[in-house]
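# Observations on the model geometry
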Amino acid sequence: MLVVRDLRKTYGTTIALAGVDVDAAPGEVVALLGPNGAGKTTLVSIIAGLRRADSGSVTVGDVDALAHPQRARELLGLAPQDLGIYPIVSVVQNLRLFGEIAGLRRRELDQRITDVAAALSLDGLLGRLAGTLSGGEKRRLHTAIALLHRPRLLLLDEATTGADVATRGDLLGVVRRLADDGAAVVYSTHYMEEVASLRARVTILDHGTVIAKGPLDQLLAAHASAFVEMVFDGPVPAVLLGDGVTVEGSTVRLPTADPGHSAAAALATIGADASRLRALEIVEPNLESVYVTLTGRRYSENAPEDADVMAS
Amino acid sequence: MSWRVSAAIIRHEFRIMLKDPSTILFILFMPLVMTALMKPLYQSALSARGVSGATGAEQAVPGMAVAFAAFGVGFSGFAFFREHGWGTWERLRASAATSADIMTGKLVPAFSLTLIQMAALLALGVPLFGFAVAGSVLGLAAVVVAVTLALTAFGMTVTAISRTSQQLNALGSLGSMLFGIIGGAFVPVAFMPAWARAIAPATPTYWAMRGFRSVTLDAGGLGSVALPVVVLLGMAALFGAIAAMKFRFEETRIYFG
């Protein structure tokens, strides 16, 4: 349903996308992971025809989306990163506008509004002014607008950012069901735990490049290992440095197959430097450790642009 | 372009307009108040210029209608800027609506509002202020439509070159004030200094007032408004062309408040 090949985009001298390949088949959720500035929003915006690519290709269905963005837009639904609703009209009027634009008419539109409102717990709020909704309710309406017309390709850019637990659960459930019904979903997120609940295939972006992609279990098997992370007040004790050890400022990460034993051994080794130890964390194999293995950095929303040191 | 999609956006725009009718009330009732205040002044002025039988309504009613229609140029711009403020601009752009659908959906309500405003003020001017069309009513209607087109296109030009809603507000207000004053909507051009009389024809309000005068004081027929209507349509085309060249759908606009 979606095929992106060698997509490139720069803003001035900043490289946003440096040759990205992404695929999303019908029935599949592709989770785009990556810190701020990784290129997720630029990628989603280009697919949706909101920004122009410098080069590469984007195919939505059988439509060349770069040459015919309007035709591609008829096949997709987008929930942008920033909330986009009309606050001074009602919830149902928000939904009705975008339903009519998508070509839904009369009974079909009414039925879709009923369905999407029920799925996202908006059914008791249809007559309310959108601007009077709570933050979570606005986020549900924002997403409901994107999937009202049951697009063949759904683009969700950080759809659950700022959402409460209940809203997040509702949104993830609806997205998974839409995929089960045959839609392809591209789901940009910072939340690694959402990937498993969506049963998504993962694409990890870093500095505009795809650094890993595939099913979650394959990525974990290929790249994930447990590690012990220690944060010091001041420099990392030299005694901890060794093969595969990553140092980032005052933080050291020790890859290990036996994290408990390694943590105890590290504490015994640092001696008096233990007084400068401010935090110790054992990170089990997961997407976080995949990211650390591939980039040398912890994944966070405000991840630094570059790792300081890759110790050897 | 799909008329159904455009119609959906048009309906939505009218719905938003009606949610906050303060603007509509301002452009309808303020001109009536101003007309009541200014009419005696215009009657004296027209008499002093040797226009016999003038009531002052011939200047006051169309003058205030045009001047306040010019104030409305910013309103069409806000229809675009508020989409950015609400985060819905990208949603519209990513929808099945074409650029033409969006433009039509935004501009038809702005054009209609100005048209309804002018028509209502002229119609109310008859019973309230004794406004009379001695010449062609069709000519009067032609001038109203032409000046509304010119002002809507000017509003779009201001929107296209503004990056923030503050710029839109400032440029729109400046333009409409200049149009109202220099174009003779507030003060008849004949009473203005020579330099102002020289530049007055550059404004759409000048040509609108000239057209209105033709069918009121001069009792002219449809042919008497041909030149004003053609010039106004030319201005509409010029402003429209500038707007089309300058407006960028992908550009981010900043909306304050």
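Here the residue numbering is sequential within each chain, running from 1 through the sequence in written order. Here chains are named by letter from A upward and ligands by number from 1 upward, in the order in which they appear as written. Local features are withheld for residues below a pLDDT of 70 in this predicted model, meaning they are given only at 70 or higher, and side-chain atom pairs are given and counted only at 80 or more; totals for whole chains, interfaces and linings count all residues. Think of the side-chain values as coming from all heavy atoms in the structure, minus any hydrogens and water.

### Looking at the overall build of chain B
Secondary structure counts use DSSP, requiring at least four H or I residues in a row for a helix and at least two E residues in a row for a strand, with both numbered from the N terminus. Scanning chain B from terminus to terminus reveals 11 helices and zero strands. Overall, chain B shows an N-to-C arrangement of helices and strands of α-α-α-α-α-α-α-α-α-α-α. Overall size of chain B, expressed as C-alpha extent along the three principal axes, is 60 × 35 × 35 Å. Buried positions account for 53% of the 257 residues belonging to chain B. We call two residues in contact whenever any of their non-hydrogen atoms come within 4.5 Å of each other. Sequence-distant contacts in chain B: of pairs separated by 6 or more residues, those separated by 24 or more amount to 79%. Of the roughly 10500 Å² of accessible surface on chain B, 70% is carried by carbon and sulfur atoms. Relative accessibility decides the category of a residue: with a 1.4 Å probe and only protein chains considered, values under 20% of the type maximum give buried, values over 50% give exposed, and everything between is partly exposed. For accessible areas, the Shrake-Rupley method is used with a probe of radius 1.4 Å. Any residue's cover is judged against the shown protein chains and nothing else.

### Overview of the overall build of chain A
Helix and strand counts for chain A stand at 10 helices and 14 strands. Taking the principal axes of the C-alpha coordinates as reference, chain A spans close to 75 × 45 × 35 Å. Split into buried and exposed, the 312 residues of chain A put 52% on the buried side. Counted over contacts in chain A with a minimum sequence separation of 6, partners at least 24 positions apart contribute 69%.

### Things to note about the domain arrangement of chain A
An automatic or database domain assignment is the source of the domain bounds shown. Examined at the domain level, chain A breaks down into domain 1 (2–218) and domain 2 (226–284). Taking only C-alpha atoms, the centre of domain 1 of chain A and the centre of domain 2 of chain A are 40 Å apart.

### A look at the layout of surface pockets
Empty pockets left among the atoms are what a rolling probe the size of a water molecule brings to light. The space that makes up the largest pocket amounts to roughly 920 Å³. Cavities and pockets were defined on a 1 Å grid built from protein atoms only: a cavity is a group of points that admits a 1.4 Å probe but offers it no way out, a pocket is an open group of points flanked by protein on both sides within 12 Å along at least five of seven lines, and a lining residue is one with an atom within 4 Å of any such point. What lines the largest pocket is a set of 43 residues, and nearest its centre among them are A:Leu50, A:Arg51, B:Glu90, B:Arg93 and B:Glu250. Elements supplying a minimum of two residues to the lining of the largest pocket: strand 1 (2–11), helix 1 (40–47) and helix 2 (69–73) of chain A together with helix 4 (73–86), helix 5 (89–93) and helix 6 (99–129) of chain B. Sort the elements by how many residues they give to the lining of the largest pocket and helix 1 of chain A lands first, with five residues. Grid points are joined across faces, edges and corners, and a volume is the space filled by probe spheres set on the points.

### Concerning the sheet that holds strand 4 (residues 55–60) of chain A
All names here are of chain A. Two strands qualify as a pair provided DSSP detects at least 2 bridges between them. With antiparallel pairing, four strands are arranged side by side in an open sheet as 2-1-4-5. Looking at the sheet topology across the chains shown, the edges are occupied by strand 2 (14–24) and strand 5 (63–64). Axes here mean lines fitted to C-alpha atoms, for a helix over just the part in contact, with angles spanning 0 to 180 degrees between N-to-C directions. Where helix 1 meets the sheet, it contacts strand 1, strand 2 and strand 4, and its direction lies at approximately 120° from that of strand 1.

### Re unusual backbone geometry
Residues and elements named next belong to chain A. Positive phi, close to 50°, is recorded for Asp6, a residue that is not glycine. In this fold, Asp6 is placed in strand 1. On the accessibility criterion, Asp6 (36% relative accessible area) is partly exposed. A positive phi angle, close to 40°, is found at Arg106, a residue other than glycine. For Arg106, the position within the fold is in helix 4 (residues 106–119).

### Quick look at the nonpolar core
Side-chain atoms within 4.5 Å are what join buried Ala, Val, Leu, Ile, Met, Phe, Trp, Tyr and Cys residues into a set we call a nonpolar core. Counting 70 residues, the largest nonpolar core has A:Leu95, A:Leu141, A:Tyr187 and A:Leu287 as the members making the most contacts within it. When residues in this core are grouped by element, the largest group, six residues, is from helix 6 (residues 165–180) of chain A. The residues contacting A:Leu95, other than those within four sequence positions of it, are A:Ile113, A:Val116, A:Leu126, A:Leu141, A:Ala144, A:Ile145 and A:Leu148. In terms of nonpolar packing, the next biggest core, distinct from the first, is built from 43 residues, B:Val143, B:Val144, B:Tyr206 and B:Val229 among them.

### Remarks on the environment of A:Val91
All names here are of chain A. Assignment of secondary structure puts Val91 in helix 3 (residues 91–101). Val91 sits in the buried class, given a relative accessible area of 0%. Separated by 37 residues in the primary sequence, Val91 and Arg128 have C-alpha atoms spaced 5.9 Å apart. In this structure Val91 touches Leu125, Leu126, Arg128, Ala130, Leu133 and Leu141, once residues within four positions along its chain are discounted.

### Overview of the packing of helix 7 (residues 137–161) of chain B against helix 8 (residues 165–182) of chain B
Residue and element names in this part refer to chain B. Between helix 7 and helix 8, whose axes approach to 9 Å, the crossing angle comes to 145°. Between helix 7 and helix 8 the crossing geometry is right-handed. Along its contact with helix 7, which presents Leu151, Phe154, Val158, Thr159 and Ile161, the element helix 8 presents Gln167, Leu168, Leu171, Gly172, Gly175 and Phe179. Note on convention: the crossing is left-handed when the near helix lies turned anticlockwise from the far helix by less than a right angle, right-handed when the turn is clockwise.

### A short note on the interface of chain A and chain B
On the side of chain B, 23 residues touch chain A, which itself brings 28 residues to the contact. Buried area: the sum, over both parts, of the accessible surface (1.4 Å probe) that disappears when the two are put together. Approximately 2400 Å² of surface area, both sides summed, lies buried where chain A meets chain B, with 60% of it carried by carbon and sulfur atoms. Summed over the three residues of chain A that lose the most area to chain B, namely A:Leu50, A:Tyr86 and A:Ile101, the buried surface amounts to 27% of that side. Salt bridge, as used here, is a side-chain nitrogen of Lys or Arg placed within 4 Å of a carboxyl oxygen of Asp or Glu. At the junction of chain A and chain B, the tally comes to two salt bridges. Among the salt bridges present, the one from A:Arg52 reaches B:Glu250, with a minimum N-O distance of 3.4 Å. Breaking the side of chain A that touches chain B down by element, the ones donating at least two residues are helix 2, strand 6 (76–79), helix 3 and helix 5 (135–147) of chain A. Gly falls in the polar group here, along with every residue not listed as nonpolar (Ala, Val, Leu, Ile, Met, Phe, Trp, Tyr, Cys, Pro) or charged (Asp, Glu, Lys, Arg). Broken down by class, the residue content of the side of chain A that touches chain B amounts to 18 nonpolar, five polar and five charged.

### Considering the environment of A:Thr42
Residue and element names in this part refer to chain A. Along the chain, Thr42 turns up in helix 1. As for Thr42 and Ala16, which are separated by 26 residues in sequence, their C-alpha atoms are 7.0 Å apart. Ignoring any residue separated from it by four or fewer positions in sequence, one finds Thr42 in contact with Lys9, Tyr11, Ala16, Leu17 and Arg51. Among the polar contacts listed, one links the side chain of Thr42 to the side chain of Tyr11, at a separation of 3.1 Å. Whenever two N or O atoms come within 3.5 Å, that pair is a polar contact, provided that in protein one can donate a hydrogen and the other can accept it, and provided that, for residues adjacent in sequence, both atoms are side-chain atoms.

### What to know about helix 6 of chain A
Residue and element names in this part refer to chain A. Helix span, as expected, comes to 1.5 Å for every residue beyond the first. The terminal C-alpha atoms of helix 6 lie 23 Å apart, and with 16 residues this matches the ideal 22 Å at 1.5 Å per residue to within 8%. Taken together, the buried positions of helix 6 are occupied by Thr167, Arg168, Leu171, Leu172, Val174, Val175, Arg176, Leu178 and Ala179. Where helix 6 is buried, its residues contact strand 3 (29–33), helix 4, helix 5, strand 7 (153–157), strand 8 (184–189) and helix 7 (192–197). One or two residues past the end of helix 6 sits Gly182, with phi positive at roughly 115°.

### Description of a nonpolar patch on the surface
Residues and elements named next belong to chain B. Patches here are clusters of residues that have more than 30% relative accessible area and form no salt bridge, with a 9 Å joining cutoff for like charges and a 5 Å cutoff for nonpolar side chains (Val, Leu, Ile, Met, Phe, Trp, Tyr). On the surface, Phe26, Met30, Val33 and Leu37 cluster together into a nonpolar patch covering about 360 Å² of accessible area. Within the secondary structure, Phe26 sits in helix 2 (residues 22–48). According to the relative accessible area criterion, Phe26 is partly exposed, its value standing at 37%.

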